[in-house]
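Structure at a glance
Here is how the chains run, residue by residue.
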Amino acid sequence: MKTTIRVGNAQAFWGDQSSAAANLLSQLPDLDFLTMDYLAEVSMSILAAQREQDAARGFPQDFVDVVSGLAEYWSAGGRCRLIANAGGLNPVGCAEACITALERAGCRSLKIGVVSGDNVLPQLLTSDPRTQSFQNLDTQASLVSIRDKLITANAYLGCRGIVQALQAGADIVITGRVADPSMVVAPCVYAFGWHETEWDRIAGATVAGHLLECGTHVTGGISTDWLEVRDPAHLGFPIAEIHSDGTCVVTKSPLSGGRVTLETVKEQLLYEIGDPDHYLSPDVTVSFLNLQLAEEGADRISVRGAVGRPCPPTLKISATYRDGFRAAGMLTIFGPQSVRKAQRCGEIVLQRLGEAGHQYRDTIVECLGNAGSVPVGMLAADADSSYETILRIAVESDSRAAVEQFTRELMPLVTAGPQGTTGYGEGRPRIHAVVRYWPCLIETGKVAAEMELFSTLDTTATRNLAAAWPSPKIVSMPTDAPQHLVRQVTLDDAVRLADIAYGRSGDKGTSANIGILARSPLNYPWLVDWLTPDRVLKFFEPLGVDSVERFELPNLCGLNFVVRGILQRSLRNDAQGKALAQALLSMPLHKSSR
């Protein structure tokens, strides 16, 4: 039995680099497992719309192309096993498409395991509200209010179905909705023979999965110090060397760009989490509070100390429903007082829509380029001194006709607006259906993973040439030190929070999480005292925050803030809260507040 396995990731979302899997396996062909994540919360609704047009669809077609491109690897002797949640709403259909593509490409025979059972839409549609309300986790509203608008409902399955597929010899495992870390937990349970109650080991694998699931996030992507990242054009996708005791080392291919540091790993640990003492997954409940990180060499960070407890008695459901229509359009306003001009243009458009008698649930006018994405604090420049602004107007309504009228009212500003109005080459804005996210819970016993096994035919004889997996591409990586290094500033000299801290933010339904980490352990006690929930609440008050909860992680010198209600307005440019950490890091450190 192995004592260490290497698990990589080559996909963080549907739309990520399609060449990543082939590139990673050309650099490290002896990886044991490769995971790929395709499903965000709204992905299922997009797939549902595709399936309505063609019953054979309902899964990301991009994945079939990735699998076809790896036929050469497997036929040349590659043994890495692929695990992906690319099945979407139609895992069997995805497998059948992959079988056709592999046989057409001239590949050796492969086994494909399909994991399903996550679709719980029938249960939501037929549930008795007296016994099962499927309350929204953010608003506590009953499902009854939107039941007739439901599009999809999928429970986050754990690792069990994937383990069954691997035990059956699957070279490729295709799933529907599973928890992202479970795609990493499964090969560990399979390879090390863990019992499902070895909580600390499973917790360690879950932490490794959390670090890998967002791809290049942990190798320098979207990091606070991104300008320091080496060769960002060739960011390496991450690898976890996971040991049989559940500890791991996070690293990357030495032939790729990017970097794996204490900072990039800490940022990803805090990304899109809630209570770090109760990180919930279908496989285990994890505490991050005893995690210990250490450098083990260049681009090698060890992670140990995860503590596991029994998994919760419920599974999270990601449901989506239709809720009207929306559209957003942008124009560039160039010239003096551009912000004032942009604001006036927005007022004109909304005034005309009101005069026409149209009703809107929400409208928003943003002046991008002048801190319009996160309009808080002192980020915005003086409206009189701005010389270029991107005007963004967005509307949302139950009526498609009302939204269509908005798309017709924006473009007349090209001739009737201020001089310097430009950037209209894309024409009228497009109308989109509004799809809302409805998170809720279901009892674990009411959902069961199902596994089917398929096999492809060996078609290597149809090849003109024998399979030969290519050597890794040689990429030109700069050796000079980056020009924009973060200056180490003492607390006495710090002007803004960014001088002594770094962080990362992301969405959690209508809330957001913001992880803030002290650059020096010496400054962490001061950070705990100064960066209070009340101070964060007041800073983000213009965005309509309901409440702020703070969690301390002294082992990482970090604070995690859950900012509730900050993403209720889905029309905002920063609808997923990705800019909130940067905004908070801009907070001035007034001497009187130290």
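Described in the following lines is the structure provided in the data block. Please read all numbers here as calculations on a predicted model, not as lab measurements.

**Regarding the overall build of the protein chain**
A tally of regular secondary structure across the protein chain gives 16 helices and 23 strands. Over its C-alpha trace the protein chain gives a radius of gyration of 25 Å, about what one expects of a compact globule, namely 25 Å for 594 residues. When the backbone C-alpha atoms are referred to their principal axes, the protein chain occupies close to 70 × 60 × 60 Å. Within the protein chain, buried positions represent 54% of all 594 residues. Put simply, 78% of the contacts in the protein chain that link residues at least 6 apart link residues at least 24 apart.

**Some thoughts on the sheet that holds strand β20 (residues 501–508)**
Reading across the sheet, the four strands line up as β20-β21-β23-β22 and stay open at both edges, with antiparallel pairing between neighbours. Of all strands in the sheet, those with a lone pairing partner are β20 and β22 (547–553), marking the two edges. Direction aside, the axes of adjacent strands within the sheet are offset by 15° on average. Together, β20 and β21 (511–518) form the strand contacts of helix α10 (residues 262–269), whose direction differs from that of β20 by roughly 30°.

**Considering the side chain of H210**
You can see H210 is positioned in helix α9 (residues 199–212). The contacts of H210, once residues within four sequence positions are left out, are P181, Q268, L269, Y271, I273, Y279 and F288.

**Concerning the pattern of salt bridges**
A side chain with one charge can pair with a side chain of the opposite charge if their charged atoms come near. The tally for this structure, following the rule as stated, stands at 28 salt bridges. As a salt-bridge pair, R408 and E404 come within 3.0 Å of each other at their nearest N and O atoms. Taken as a pair, R408 and E404 lie in helix α12 (residues 400–410) at a separation of four residues, close to a single helical turn. For R408, a relative accessible area of 42% puts it in the partly exposed group. Under the relative-accessibility criterion, E404 is labelled partly exposed at 33%. Each of the salt bridges in this network shares a partner with another, and the network as a whole consists of K149, D323, R361, E396, D398 and R436.

**A closer look at helix α5 (residues 91–105)**
Between its first and last C-alpha atoms α5 spans 21 Å; for 15 residues at 1.5 Å apiece the expected length is 21 Å, and the two agree. Taken together, the buried residues of α5 touch α3 (61–69), α4 (71–75), β4 (111–116), β6 (172–175) and β19 (450–455). Two residues or fewer after α5 comes G106, characterised by a positive phi angle close to 80°.

**Considerations on the packing of helix α8 (residues 182–192) against α9**
Orientation of α8 relative to α9, taken along the N-to-C sense of each, is 140°, at an axis distance of 7 Å. Classed by the angle they form, the pair α8 and α9 counts as oblique. In this structure, α8 meets α9 at a crossing whose hand is right-handed. Residues V184, V185 and C188 of α8 touch α9, and the partners they reach there are I202, A205, T206, A208, G209 and L212. Tallied by class, residues from the contact of α8 with α9 come to seven nonpolar, two polar and no charged.

**Here we look at the environment of D384**
Note on placement: D384 falls in the loop between β15 (362–368) and β16 (388–397). Look at D384 and you get partly exposed, because its relative accessible area is 38%. Spatially, the C-alpha atoms of D384 and G544 are 26 Å apart, while their sequence positions differ by 160 residues. Contacts of D384, omitting those with residues within four sequence positions, involve Q337 and R340.

**Some words on the packing of aromatic side chains**
Aromatic ring pairs are defined here through the distance separating the ring centres and the angle between the ring planes. Scanning the model with the defined rule gives nine aromatic pairs in all. With 6.2 Å between their ring centres and 65° between their planes, Y73 and W74 make a pair best called edge-to-face. Classification of Y73 as buried rests on a relative accessible area of 1%.

**Re the state of the cysteines**
Tallying each qualifying case throughout the model produces zero disulfides. The thiol sulfur of C107 is not disulfide-bonded, and the nearest other cysteine sulfur, from C98, lies at 11 Å. With a relative accessible area of 0%, C107 lands in the buried category. Summary of cysteine pairing: C367 is not part of a disulfide, and the nearest cysteine sulfur, belonging to C345, is at 9.4 Å.

**Details of the packing of helix α7 (residues 160–167) against α8**
Running from N to C, α7 and α8 cross one another at 45°; their axes reach a closest spacing of 8 Å. By the angle between their axes, α7 is oblique relative to α8. When the axes of α7 and α8 are compared, the crossing they make is right-handed. Touching I162, V163, L166 and Q167 of α7 are S182, M183, A186, P187, V189 and Y190, all from α8. Classifying every residue of the contact of α7 with α8 by side-chain character gives eight nonpolar, two polar and no charged.

What counts and how
Residues numbered from 1 in each chain as written. Predicted model: local features only at pLDDT ≥ 70, side-chain atom pairs only at ≥ 80, totals over all residues. Heavy atoms only, no water. Helix = DSSP H or I, 4+ residues; strand = E, 2+ residues; numbered from the N terminus. Rg over C-alpha atoms; globule rule 2.2 N^0.38 Å. Buried < 20%, exposed > 50% of the residue type's maximum accessible area, 1.4 Å probe, protein only. Contact = heavy atoms within 4.5 Å. Pairing = 2+ DSSP bridges. Axes fitted to C-alpha atoms, helices over the stretch in contact; angles between N-to-C directions. Salt bridge = Lys/Arg side-chain N within 4 Å of Asp/Glu carboxyl O. Expected span 1.5 Å × (residues − 1). Parallel < 35°, antiparallel > 145°, perpendicular 65-115°, else oblique. Left-handed = near helix turned anticlockwise from the far one by under 90°. Nonpolar A, V, L, I, M, F, W, Y, C, P; charged D, E, K, R; others polar. Phe/Tyr/Trp six-rings, centres within 6.5 Å; stacked < 30°, edge-to-face > 60°. Disulfide = S-S within 2.5 Å.

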